[in-house]
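One letter stands for each residue in the lines below.
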Amino acid sequence: MPIQTRRDDNGQTLVISIEGRFDFSTHQAFRDAYEHGDPSVQDYIVDLSETTYLDSSALGMLLLLRDYAGGDNARVVIENCNSDVRRILSISNFEQLFQIR
């Protein structure tokens, strides 16, 4: 399965892991990962350690998650990016909108 979710130990953080290509084909699964979750979730972590590729639709999906999580007050972290994915996020100025680690 390309997208998996789990709760962090504190129960208020939802970790969304994406495996393989993060593109339009994962759109519905990505939205389902966070939209049908528990309202007690305060923080989101998008784990890209197994992500090999992302495109502009993936960038749009990350923005939708940010809006869902509270816009400017959202606490969304993108972590474990490979160098290619990190470069795309950097070129797109996503470090202005997300914490990337």
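The coordinates are above.
Computed from a predicted model, the values in this text were never measured in an experiment.

Chemist: I'd like to hear about the overall build of the protein, residue by residue, with values.
Modeler: Helix and strand content of the protein: three helices and five strands. Counting helices and strands in the order they occur from the N terminus, the protein gives β-β-α-β-α-β-α-β. Whereas a compact globule of 101 residues would reach a radius of gyration of roughly 13 Å, the protein reaches 12 Å, a difference of no more than 12%. Oriented by its inertia axes, the alpha-carbon framework of the protein measures out at about 35 × 30 × 20 Å. Every one of the 101 residues in the protein was classed for burial, and the buried ones make up 41%. Taking the contacts inside the protein whose residues are at least 6 apart along the sequence as the reference set, 66% of them involve residues at least 24 apart.

Chemist: I'd like a rundown of the environment of Phe-24, residues and numbers included.
Modeler: Residue position: Phe-24 is located in the loop between strand S2 (13-22) and helix H1 (27-35). With near-sequence residues (within four places) excluded, Phe-24 lies in contact with Asp-55, Ser-57 and Met-61.

Chemist: Quick one: what's the story with the sheet that holds strand S4 (residues 76-79), residue by residue and with numbers?
Modeler: As summarised here, the arrangement of the five strands in space is S1-S2-S3-S4-S5, forming an open sheet in which the pairing is mixed. Lying at the two open borders of the sheet, with one neighbouring strand each, are strand S1 (3-7) and strand S5 (99-100). Across two bridges, the pairing between S4 and S5 is parallel. Paired with Val-77 across the two strands is Gln-99, which belongs to S5. Contacting S1, S2 and strand S3 (43-54), H1 crosses the sheet at an angle of about 175° to S2.

Chemist: I'd love a proper account of the pattern of salt bridges, names of residues and values included.
Modeler: Throughout the structure, instances matching the rule amount to six salt bridges. Across the pair Arg-21 and Asp-23 runs a salt bridge, and its minimum N-O distance is 3.1 Å. Accessibility expressed as a relative area gives 47% for Arg-21, which makes it partly exposed. Asp-72 is the partner of Arg-66 in a salt bridge, and the nearest nitrogen-oxygen pair spans 2.9 Å.

Chemist: Pulling in residues and values, what's your account of the packing of H1 against helix H2 (residues 56-68)?
Modeler: Interaxial distance between H1 and H2 falls to 11 Å at its minimum, and their mutual angle equals 20°. Taken as axis vectors, H1 and H2 run roughly parallel relative to one another. Classified by chirality, the crossing of H2 by H1 is right-handed. Contact residues: H1 offers His-27, Phe-30, Tyr-34 and Glu-35, while H2 offers Met-61, Leu-62, Leu-64, Leu-65 and Tyr-68. Of the residues assigned to the contact of H1 with H2, the class counts are seven nonpolar, one polar and one charged.

Reading guide: rules and limits
All residue numbers here refer to positions counted from 1 along the written sequence of the relevant chain. Restriction of local features to residues with pLDDT of at least 70 applies here, the model being predicted, together with a cutoff of 80 or more for giving and counting side-chain atom pairs; totals for whole chains, interfaces and linings are based on all residues. The basis for every side-chain value is the complete set of heavy atoms in the structure, and neither hydrogens nor water enter the calculation. Numbering goes from the N terminus for both helices and strands, where a helix is a DSSP run of H or I of at least four residues and a strand is a run of E of at least two. In this setup the radius of gyration rests on C-alpha atoms only. A globule is expected at 2.2 Å times the number of residues raised to 0.38. Residue burial is assigned from relative accessible area. The probe radius is 1.4 Å, only protein chains are included, and a residue is buried under 20% of its type maximum, exposed over 50%, and partly exposed in between. Contacts between residues were defined by any pair of non-hydrogen atoms, one from each residue, lying within 4.5 Å. Here, a strand pair is defined by DSSP locating no fewer than two bridges between the strands. To define axes, lines are fitted to C-alpha atoms, for helices over the stretch in contact only, and angles between the resulting N-to-C directions are given on a 0 to 180 degree scale. Note on definitions: salt bridges are taken to be side-chain nitrogens of Lys or Arg within 4 Å of carboxyl oxygens of Asp or Glu. For classification purposes, angles smaller than 35 degrees are called roughly parallel, those larger than 145 roughly antiparallel, those between 65 and 115 roughly perpendicular, and all remaining angles oblique. Two helices cross in a left-handed way if the nearer one is turned anticlockwise from the farther one by less than a right angle. They cross in a right-handed way if the turn is clockwise. Here the term charged refers only to Asp, Glu, Lys and Arg, the term nonpolar to Ala, Val, Leu, Ile, Met, Phe, Trp, Tyr, Cys and Pro, and the term polar to all other amino acids, Gly among them.

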